[in-house]
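# Chains, contacts and geometry: an overview
For reference, the chains in residue letters:
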Amino acid sequence: MIGSELLSPLTVGQTYYASFWVNAAYGGPQQTGSACNNIGMLFTMDMVPWVMGMPQITLRNHAHVYTQQVVSDTTGWTLVSGSFVADSAYRYVVIGNHFSNANTAVQVIGPGNPNKAYVYVDAACLSTDPEACPMWTSVQENLMEEISLWPNPASDRLLIGWGSMPVQRVSLLDALGRLVLDREVWGSNEVVLATREYPAGLYHVLLEGAGVKRSGKFVVVH
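Let me begin by describing the structure that accompanies this report.

This next bit is on the overall build of the protein chain. Scanning the protein chain for helices and strands turns up zero helices and 18 strands. Here the protein chain has a C-alpha radius of gyration of 19 Å; the compact-globule value for 222 residues is 17 Å, and the two agree. When the backbone C-alpha atoms are referred to their principal axes, the protein chain occupies close to 60 × 45 × 25 Å. Burial analysis of the protein chain (222 residues in total) assigns 44% to the buried set. Accessible surface, the protein chain: about 11,600 Å² in total, of which carbon and sulfur atoms supply 52%. Of note, the protein chain has its 11 positive side-chain charges centred 4 Å away from the centre of its 17 negative side-chain charges.

Considering all chains together, one arrives at five aromatic pairs under this definition. Centre to centre, the rings of Y203 and F218 are 5.6 Å apart; their planes meet at 15°, and the pair counts as stacked. Residue Y203 is found in strand β17 (residues 201-209), and its partner F218 is found in strand β18 (residues 212-220); the two are separated by 15 residues along the sequence. Chaining the aromatic ring pairs together yields one cluster made of Y16, F43 and F84.

This brings us to the pattern of salt bridges. Evaluated as defined, the whole model comprises five salt bridges. Note that D182 and R169 form a salt bridge whose closest N and O atoms lie 3.0 Å from each other. Of this pair, D182 sits in strand β15 (residues 179-184) while R169 is found in strand β14 (residues 167-174), placing the two residues 13 residues apart along the sequence. With relative accessibility at 42%, the residue D182 sits in the partly exposed group. For R169, a relative accessible area of 27% translates into the label partly exposed. Salt-bridge contacts for R169 lead to E184; the nearest nitrogen and oxygen are separated by 3.2 Å. Of this pair, R169 sits in strand β14 while E184 sits in strand β15; the two residues are 15 residues apart in sequence, bridging distant segments of the chain. A single salt-bridge network, built from bridges that share partners, covers R169, D182 and E184.

This paragraph deals with the environment of H98. Counting through the fold element by element, H98 comes out in the loop between β9 (92-97) and β10 (106-108). C-alpha of H98 to C-alpha of I57: the two residues are 41 residues apart in sequence and 8.9 Å apart in space. Not counting residues within four places of it along the chain, the set of residues in contact with H98 comprises M1, N38, G40, L42, I57, L59, R60, N61, H62 and A63.

Here the focus is the sheet that holds strand β8 (residues 78-85). Strands sit in the order β8-β2-β11 across an open sheet of three strands; the sheet is antiparallel. In the strand order of this sheet, the two ends are held by β8 and β11 (118-127), each with one partner. Across the sheet, the mean angle from the axis of one strand to that of its neighbour is 20°, orientation sign disregarded. In this sheet, β8 lies alongside strand β2 (residues 15-25) in antiparallel orientation, the contact comprising eight bridges. In the strand pairing of β8, Y17 is matched with S83.

Conventions used here
- Residues numbered from 1 in each chain as written.
- Predicted model: local features only at pLDDT ≥ 70, side-chain atom pairs only at ≥ 80, totals over all residues.
- Heavy atoms only, no water.
- Helix = DSSP H or I, 4+ residues; strand = E, 2+ residues; numbered from the N terminus.
- Rg over C-alpha atoms; globule rule 2.2 N^0.38 Å.
- Buried < 20%, exposed > 50% of the residue type's maximum accessible area, 1.4 Å probe, protein only.
- Areas by Shrake-Rupley, 256 points an atom, 1.4 Å probe, with all protein chains shown as cover.
- Lys, Arg positive; Asp, Glu negative; His and termini not counted.
- Charge placed at Lys NZ, Arg CZ, Asp CG, Glu CD.
- Phe/Tyr/Trp six-rings, centres within 6.5 Å; stacked < 30°, edge-to-face > 60°.
- Salt bridge = Lys/Arg side-chain N within 4 Å of Asp/Glu carboxyl O.
- Contact = heavy atoms within 4.5 Å.
- Pairing = 2+ DSSP bridges.
- Axes fitted to C-alpha atoms, helices over the stretch in contact; angles between N-to-C directions.

Next up, the structure:
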């Protein structure tokens, strides 16, 4: 885990947008052989002390922003992002896996120690402005009621509706943040996707328009 003091404490009740990039570390002197999920940002009130090279922090099985998908890409960068409402005046941020082994998914990515999974971290961002940090994989659950995703899970097709919101573009990303669809939707209030053409798994939908930025998630099953 890595940590830092924030420039100023968070404001209770304020919505924050956070993101960072990760890359699965493989091989090297640590002989890393696996990748894992749950890499995320945890905001704390107290500084995390370091003893013998390891942080003395209680695993909480929680992080304010984290990825539920295994980060296994060793060549490219994976974006982890999301939003949350601050419930305390947090002063520090800690990036790492804050979940226990029992609550962590592990994937072997090559020869090496299967019990070790590390990531490189870059470009951590935190802001009250939703446009300040890259938010391609964000899932803002408090805004989900404004988006219609049906049926979910989907096997053959999925209808995405946004009512009267002035949406102009629909983007679709897979669980690793890779863009799989980018479509302009001027003058419409819904779009139908042929999900039978997509591999099974979790997907994120981003709707954008004049003063509009909403996101949701759905699962494809076959």
